[in-house]
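So you can see what is in the structure, the chains are spelled out below.
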Amino acid sequence: MFIDELELFVQGGRGGNGTVSFRKEKYVSKGGPDGGDGGNGGSVYFWADPSKHSFLDLSYRRNIKAYDGAHGRGKNQHGANGTDLFIPVPPGTIIRDSDDYLLADLTSPGQKVLVAKGGKGGKGNTRFPCSRRRVPRLAENGLPGEEKKVYLKLKLMAQVGLVGLPNAGKSTLLSRITAEKPKVESYPFTTLVPNLGMVKVGDEGGFIFADLPGLIKGAHRGTGLRDKNLLFCCKYTTTL
Ligand SMILES: Nc1nc2c(ncn2[C@@H]2O[C@H](COP(=O)(O)OP(=O)(O)OP(=O)(O)O)[C@@H](O)[C@H]2O)c(=O)[nH]1
Ligand SMILES: [Mg+2]
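Since this is a predicted model, take the numbers as computed values, not measurements. (Residues numbered from 1 in each chain as written. Chains lettered and ligands numbered in written order. Predicted model: local features only at pLDDT ≥ 70, side-chain atom pairs only at ≥ 80, totals over all residues.)

J.: What is the right way to read the overall build of the protein from this model?
T.: Across its full length, the protein carries two helices and 11 strands. Start at the N end of the protein and walk to the C end: the helices and strands fall as β-β-β-β-β-β-β-β-β-α-β-β-α. By the compact-globule yardstick of 18 Å for 240 residues, the protein is too spread out, its C-alpha radius of gyration being 28 Å. Projected onto its principal axes, the C-alpha positions of the protein cover 95 × 35 × 25 Å. Sorting the 240 residues of the protein into buried and exposed places 37% on the buried side. Residue pairs in contact within the protein that sit at least 24 positions apart in sequence constitute 69% of those at least 6 positions apart. (Helix = DSSP H or I, 4+ residues; strand = E, 2+ residues; numbered from the N terminus. Rg over C-alpha atoms; globule rule 2.2 N^0.38 Å. Buried ≥ 20, exposed ≤ 12 C-beta atoms within 10 Å, placed from the backbone. Contact = placed C-beta atoms within 7 Å.)

Structure, rendered in C-alpha cells:
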C-alpha cells in the first residue's frame, strides 16, 4: 500500500521532577539539601531517510511520544535525559501543523527537523537555599513536552520519468514493473495526468517511476497535452 498523506500526534517527553532530599550521614549534622534536578524530556525529530518511499510504517503508529526525563535523586543525582526520537520519513515530505503552518520541507537525505521539544526537567532543592531559607523543602516539577498534531504530505519525487510519444506503451511498462494499474488503451493520450509507481529492488530498496502523458512535436507551443509533463519532470524528478 502506498500512503502519501498522514496525520500524526507528536509529543515531547516530560521533564523529570527535581527532588527534595537532605544529606544524611553519620557525624554530619544538618548536611544541607542534596536533591538533584530532573532530566529533560526527549524531543521528537523527523529526518529524511532515502530508504523510505511512503508513510506506510508510520500509519501503524499515529501517536509518537519521546521518552520522559528521569526524576532527580538524593546525593545530587541528576535524572537522566529522555532519549530523543528520530522518525524516518521519505525525502520530499512536507510537514505542517494544525494551523497549516509549514514546519519543514525535508528534501535532501539526512535533513532533520525538530517537531516537538521535550519538557525541561525540574530543579532539585539543592538549587533553592538562601540565607532566609536554610532548609529548602521545595523542588520543581518537570514541564510537559511540546505536543501537536502534524500533517505529513509526500511531495512525490520520482527518480525516473518516462517521456515518449502517445500510445508508445509507457503505461504498459509502468503496469509491468510496479504494482500500479494505470489505464492502458490503444489510442493516444490515454494518460492525462502522471501516474507514479514504486519499482521495488530487493527487500528494502526501490525507486519511484513516473509515467508521463504523451508528448508530441510542438508541445511547447500548446500542441497535444502541451509541455506540462515536462514541467512535471523538472519539478518532481531528480534524475531523468
Ligand atoms: N505490440 C505491442 N503493443 C504494446 C506494447 N506495449 C503496449 N502495447 C499496446 O499499446 C497500446 C498503448 O499502450 P499504453 O501503455 O496505453 O501507451 P501509452 O504510451 O501509455 O499511451 P498514452 O498514455 O496514450 O500516451 C495498448 O493497446 C497496449 O496494449 C508492446 O510492447 N507491444
Ligand atoms: Mg499512458
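J.: Teacher, can you tell me more about the site of ligand 1 here?
T.: The local shell around ligand 1 holds 15 residues, among which Gly 169, Ser 171, Ser 186, Thr 191 and Gly 214 are the closest. The class makeup of the residues in the shell around ligand 1 is five nonpolar, eight polar and two charged. (Near = placed C-beta within 6 Å. Nonpolar A, V, L, I, M, F, W, Y, C, P; charged D, E, K, R; others polar.)

J.: Just to check I follow, could you spell out the domain arrangement of the protein for this structure?
T.: Interface size, as often reported, equals the accessible area lost upon joining of the parts. Each domain of the protein was delimited in the assignment, giving domain 1 (1-155) and domain 2 (160-236). Inter-centroid distance (C-alpha atoms) of domain 1 to domain 2 is 44 Å. (Domains from an automatic or database assignment.)

J.: Help me understand the pairing of strand S11 (residues 205-211) in this model?
T.: Consecutive side chains along a regular strand alternate between the two faces of the sheet. Note that strand S9 (residues 160-162) and S11 share three bridges and pair parallel. Paired with Gly 161 across the two strands is Ala 210, which belongs to S11. Here seven bridges tie strand S10 (residues 195-201) to S11, and the two strands are oriented antiparallel to one another. Residue Asn 195 lies in a different strand from S11, and its bridge partner there is Asp 211. (Pairing = 2+ DSSP bridges.)

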